[in-house]
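Letter by letter, the chains look like this.
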Amino acid sequence: MLRSLIAAVTLGALAPLVALAQTPAAPPMPADSKPADTKAAPPRAYIPGLEQFMNVILTEHNKLWFAGRAGNWPLAAYELGEIKEVMSDVQELVPVFKSLPLADMMDAVIVKEIADLEKAIDAKDARQFAAGFDRLTAACNACHQGTENGFIVIKRPTRSLFTNQDYRPHDRPRRTR
Ligand code: HEC
């Protein structure tokens, strides 16, 4: 009994080594050739068009405003974080757009406005938030102008896009109707 147990444990421990030994070794490479996989075309992934990223940013811009107006600072911080995330996706996936250096333009045009708005949200300062939101919006439009998209004009929203999201602060559980 004990012996067979030891045998089973030993075999179990050896199994990965055995599997390793059976793995065929890579064929030796000629000295001047690169590994094969750097030559192969990378798999084609679907990258959404810039306007799709922008429409997501537009939605978050709307939500950000109503979160801030309602004094829901954690939600405002969250929405601004989402805007940053989509913008860094744009920088990574669409760094150049119609031969314009979009990633660099994004850094130049909007990073400061985002940082200022973050400070207003941290400070839970409604006036500073409204002013910072308008400056962020102006930065959106500055880039649209700089990319010959001056006909795309962003402004303060007058109403929430969604009626099924409650923007009020929910520090304590409250009735939903
Ligand atoms: C670094 C440049 C840049 C910044 C910053 C920028 N955009 Fe854009 N945006 C563009 C470009 C370029 C287009 C045109 C995309 C196209 O032609 O496919 C665009 C298009 C759009 C569109 C039109 C999409 C549509 O289908 O109607 C919206 C909406 C938009 N942006 C919203 C925003 C908002 C909101 C912000 C700020 C929070 C912002 N953008 C900041 C470059 C920028």
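In what follows, the accompanying structure is described. What you see is a predicted model; the values in this text were computed from it and never measured.

**Brief notes about the overall build of the protein**
For step 1, the next point in the chain: Within the protein, the regular secondary structure consists of five helices and zero strands.
For step 2, the next point in the chain: Within the protein, buried positions represent 29% of all 177 residues.
For step 3, the next point in the chain: Relative to all contacts within the protein whose residues are 6 or more apart in sequence, the contacts with residues 24 or more apart total 63%.
For step 4, the next point in the chain: With the model as given, the accessible surface of the protein reaches about 12,900 Å², and the carbon-plus-sulfur share is 60%.

**Description of the layout of surface pockets**
For step 1, the next point in the chain: Of the pockets and cavities examined, the largest pocket occupies roughly 560 Å³.
For step 2, the next point in the chain: If you trace the largest pocket, you find 26 residues lining it, with L50, M54, H144, N149 and I152 closest to the centre.
For step 3, the next point in the chain: Within the residue set of the lining of the largest pocket, elements represented by two or more residues are α2 (50-69), α4 (102-122) and α5 (126-146).
For step 4, the next point in the chain: Tallying contributions element by element places α2 first for the lining of the largest pocket, with seven residues.
For step 5, the next point in the chain: Grouping the amino acids of the lining of the largest pocket by side-chain chemistry returns 17 nonpolar, six polar and three charged.
For step 6, the next point in the chain: By volume, the second largest pocket is sized at about 210 Å³.
For step 7, the next point in the chain: Taken together, L58, H61, N62, V153, I154, K155, R156, P157, T158, R159, S160 and L161 make up the full set of residues lining the second largest pocket.
For step 8, the next point in the chain: Considered class by class, the residues forming the lining of the second largest pocket number five nonpolar, four polar and three charged.

**Focus on the site of the ligand**
For step 1, the next point in the chain: The full set close to the ligand counts 19 residues, and M54, N55, C140, C143 and H144 are the nearest of them.
For step 2, the next point in the chain: E51 is positioned such that a nitrogen or oxygen atom in its side chain is 3.5 Å from an oxygen atom of the ligand.
For step 3, the next point in the chain: Side-chain polar atom of H144 to a nitrogen atom of the ligand: 2.8 Å apart, as the coordinates give it.
For step 4, the next point in the chain: Spatially, the ligand is embedded in the largest pocket.
For step 5, the next point in the chain: Listed by contribution, the elements that provide at least two residues to the shell around the ligand are α2, α4 and α5.

**So, the pattern of salt bridges**
For step 1, the next point in the chain: Applying the stated criterion across every chain yields a total of five salt bridges.
For step 2, the next point in the chain: E118 is the salt-bridge partner of K84, the closest N and O atoms lying 2.6 Å from each other. In this pair, K84 sits in helix α3 (residues 73-93) while E118 sits in helix α4, placing the two residues 34 residues apart along the sequence.
For step 3, the next point in the chain: Overall, the relative accessible area of 36% leaves K84 in the partly exposed class.
For step 4, the next point in the chain: A salt bridge links D116 to K119; the nearest nitrogen and oxygen atoms lie 3.9 Å apart. Of this pair, D116 and K119 are both found in helix α4, three residues apart, which corresponds to roughly one turn of the helix.
For step 5, the next point in the chain: Salt bridges sharing common partners tie together K112, D116 and K119.

**Some thoughts on the side chain of S160**
For step 1, the next point in the chain: For S160, the position within the fold is in the segment after α5.
For step 2, the next point in the chain: The class for S160 is buried, based on a relative accessible area of 17%.
For step 3, the next point in the chain: At 2.7 Å, the side chain of S160 and the backbone oxygen of F162 are in polar contact.
For step 4, the next point in the chain: In this structure, S160 is in contact with N62, F66 and Y167, ignoring residues within four places of it in sequence.

**Here we look at the packing of aromatic side chains**
For step 1, the next point in the chain: Enumeration according to the criterion identifies five aromatic pairs in this entry.
For step 2, the next point in the chain: Aromatic pair W73 and F129: ring centres 5.7 Å apart, planes at 70 degrees, arrangement edge-to-face. Of this pair, W73 sits in helix α3 while F129 sits in helix α5; the two residues are 56 residues apart in sequence, bridging distant segments of the chain.
For step 3, the next point in the chain: For W73, a relative accessible area of 11% gives the class buried.

Reading the values: rules and limits
Residues numbered from 1 in each chain as written. Predicted model: local features only at pLDDT ≥ 70, side-chain atom pairs only at ≥ 80, totals over all residues. Heavy atoms only, no water. Helix = DSSP H or I, 4+ residues; strand = E, 2+ residues; numbered from the N terminus. Buried < 20%, exposed > 50% of the residue type's maximum accessible area, 1.4 Å probe, protein only. Contact = heavy atoms within 4.5 Å. Areas by Shrake-Rupley, 256 points an atom, 1.4 Å probe, with all protein chains shown as cover. 1 Å grid on protein atoms, 1.4 Å probe; cavity = no way out; pocket = protein on both sides within 12 Å on 5 of 7 lines; lining within 4 Å. Points joined across faces, edges and corners; volume = space filled by probe spheres on them. Nonpolar A, V, L, I, M, F, W, Y, C, P; charged D, E, K, R; others polar. Near = heavy atom within 4 Å. Polar contact = N/O pair within 3.5 Å; in protein donor to acceptor, adjacent residues only side chain to side chain. Sits in = over half its atoms within 2 Å of the grid points. Salt bridge = Lys/Arg side-chain N within 4 Å of Asp/Glu carboxyl O. Phe/Tyr/Trp six-rings, centres within 6.5 Å; stacked < 30°, edge-to-face > 60°.

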